[in-house]
Amino acid sequence: MATSGTSSFNLDLNELFEEAFERCGKQMRSGYDFRTARRSMNILTIEWLNRGINLWTVEQDQIQLNTGQSIYALPLDTLDILDAVTRQYNGQVVNQVDINVTRISESTYAFIPNKNAYGRPLQMWVNRATGNLSSIPQATLASNIGATDNTITLSSAANLPSTGFVQIDSEIIAYQNIVGNQIINAWRGQANTTAVPHLSGASVYNNQLPCVNLWPTPNAPGNQYTFVYYRMRRMQDAGNGSTTQDIPFRWIPPMVAGMSYYLSMKLEDVDPTRIAALKADYEQQFQFAAEEDREKATDRFVPRSLWYYR
């Protein structure tokens, strides 16, 4: 007998939910059933993120570094940075150089005496902020600003932190100093936005963005330094029924098993013995997938020596 000749099996959201309901001994019949299942699906993907690294959500990205700027916004869906290097002479075949950037804690970064010291960035503190975009303005512009202005006068800066990010219209701006009602040394057009003029009275929002703080502060003129990093992003949300989930096909079994267990705790008249069996199956299926979804290279240890001179 001939084989199918295809290897593209997947489940759209409706099929996945139907399979999960059937394992609970139920059938999905109403729009509410779909909505409650979709809500559980989104919670399940967040649980997976808390369990550890999902390799299909690891992506490489890079940020061009500016002289004197130490704080840089990361994409909103960034959960963490796994590895990073400072790259000099980006893209040059002969001269390109990558130097490892060591991760440090918030307290270590806080006690660095001179955070504005210039040099090649060698350390990073990753601020895993929520990525929330504010819907309530914290101030307004007191005067017009052009696309290249790096001093921004506000009606009041009382509600803004001393360092962070603001959004004016669609532009995100990084800053490291506030003096009185003025943002000093602003870095325009951050997070893939474009620096444009803004009119007096425009609303100013304070966004809590995931970001990376580098030390020493980049000193190379002419954009010679590039921060190249591997980040772990959030999984995409559950769709409207006709889409598939943001997972590799090999993770379909634990996703169905996890949905079955989640739904069994909410549906009426599900036997507690069945709930326990669904939970055990979910844990087993997750373990199978997690053991397969891992790096299969040999371990690499890089010693780092420090010398202190008196």
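Throughout this document, residue positions are counted from 1 along each chain, in the order its sequence is written. Totals for whole chains, interfaces and linings use all residues, but because this is a predicted model, local features are given only for residues with pLDDT of at least 70 and pairs of side-chain atoms are given and counted only at 80 or more. Neither water nor hydrogens contribute to the side-chain values; these are computed over all heavy atoms in the structure.

1. Thoughts on helix α2 (residues 31-51)
- A helix here means a DSSP run of H or I that spans at least four residues, while a strand means a run of E at least two residues long, and both kinds are numbered starting from the N terminus. Each residue after the first adds 1.5 Å to the expected span of a helix. For α2, which comprises 21 residues, the first-to-last C-alpha distance of 31 Å matches the rise-based estimate of 30 Å (1.5 Å per residue) to within 8%.
- Among all positions of α2, only Asp-33, Phe-34, Thr-36, Ala-37, Ser-40, Met-41, Leu-44, Thr-45, Glu-47, Trp-48 and Leu-49 are buried.
- Where α2 ends, the next residue or the one after it, Gly-52, has phi of about 150°, a positive value. Three labels apply to residues, based on accessible area from a 1.4 Å probe with only protein chains included: buried if under 20% of the type maximum, exposed if over 50%, partly exposed otherwise in between.

2. Details of the packing of α2 against helix α4 (residues 252-264)
- What counts as an axis is a line fitted to C-alpha atoms, over the stretch in contact for a helix, and the angles between N-to-C directions run from 0 to 180 degrees. One way to put it is that α2 packs onto α4 with a least axis distance of 10 Å and a crossing angle of 120°. Overall, the two elements α2 and α4 adopt an arrangement that is oblique. Seen from above, α2 lies across α4 with right-handed handedness. Together, Ala-37, Ser-40, Met-41, Ile-43, Leu-44, Thr-45, Glu-47 and Trp-48 of α2 and Pro-254, Met-255, Gly-258, Met-259, Tyr-262 and Leu-263 of α4 make up the contact between the two elements.
- Side-chain classes are defined by residue name, with Ala, Val, Leu, Ile, Met, Phe, Trp, Tyr, Cys and Pro counting as nonpolar, Asp, Glu, Lys and Arg as charged, and the others, Gly among them, as polar. For the contact of α2 with α4, the residue count by class is 10 nonpolar, 3 polar and 1 charged. Relative orientations are named as follows: roughly parallel for angles under 35 degrees, roughly antiparallel for angles over 145 degrees, roughly perpendicular for angles from 65 to 115 degrees, and oblique for any other angle. Note on convention: the crossing is left-handed when the near helix lies turned anticlockwise from the far helix by less than a right angle, right-handed when the turn is clockwise. Working rule for contacts: check all heavy atoms of both residues, and any pair within 4.5 Å makes them a contact.

3. A closer look at the sheet that holds strand β11 (residues 171-175)
- Whether two strands pair depends on DSSP finding at least two bridges between them. On the basis of which strands lie adjacent, the open sheet formed by 5 strands has the order β8-β15-β10-β11-β14 and antiparallel pairing. Edge strands, defined here as strands with exactly one partner in the open sheet, are β8 (139-140) and β14 (187-190).
- Two strands pair when backbone bridges link them, and β11 and β14 are joined in this way by 2 bridges, in the antiparallel orientation. Along β14, the bridge assignment pairs Ile-172 with Gln-190.

4. Some remarks on the environment of Ala-276
- Here Ala-276 lies in helix α5 (residues 272-292).
- With 11 residues separating them in the primary sequence, Ala-276 and Met-265 have C-alpha atoms 9.9 Å apart.

5. Some remarks on the side chain of Thr-217
- In this fold, Thr-217 is placed in strand β17 (residues 217-218).
- For Thr-217, the residues in contact, after removing those within four places along its chain, are Gly-68, Gln-69, Ser-70, Lys-115, Asn-116, Ala-117, Tyr-118 and Gly-119.

6. Thoughts on the pairing of strand β15 (residues 203-206)
- Residues Val-204 and Asn-206 point to one face of β15 and are all buried, whereas Ser-203 and Tyr-205, pointing to the other face, are not buried.
- Judged from the 2 bridges that link them, β8 and β15 form a sheet pairing that is antiparallel. Bridged to Thr-140 within β15 is Ser-203.

7. Considerations on the nonpolar core
- What makes a nonpolar core is a set of buried Ala, Val, Leu, Ile, Met, Phe, Trp, Tyr and Cys residues whose side-chain atoms join them at distances within 4.5 Å. Ranked by internal contacts, the top residues of the largest apolar core, which has 30 residues, are Leu-16, Phe-17, Met-41, Trp-48, Ile-247 and Met-259.
- Put simply, the parts of the chain that give this core at least two residues each are α1 (13-23), α2, α4 and α5.
- Look past the residues within four positions of Leu-16 in its chain and what remains in contact with it is Leu-11, Met-41, Met-255, Val-256 and Met-259.

8. What to know about α5
- Here α5 spans 31 Å end to end across 21 residues, near enough to the 30 Å set by a 1.5 Å rise per residue.
- Residues of α5 that are buried include every one of Leu-278, Tyr-282, Phe-286 and Ala-289, and no others. Mapping the buried residues of α5 onto a view down its axis gives an arc of 70°, with all of them on the same face.
- At its buried positions, α5 is contacted by α1, α2 and α4. Here the arc refers to the set of directions running from the helix axis out to each C-beta atom.

9. So, the sheet that holds strand β18 (residues 225-233)
- Strand order across the open sheet formed by 4 strands is β1-β18-β3-β4, with antiparallel pairing between neighbours. The open sheet has two edge strands with one neighbour each: β1 (58-64) and β4 (97-100). This sheet shows a mean twist of 35° between the axes of neighbouring strands, independent of strand direction.
- Note: strand β3 (residues 78-88) against β18, 9 bridges, orientation antiparallel.

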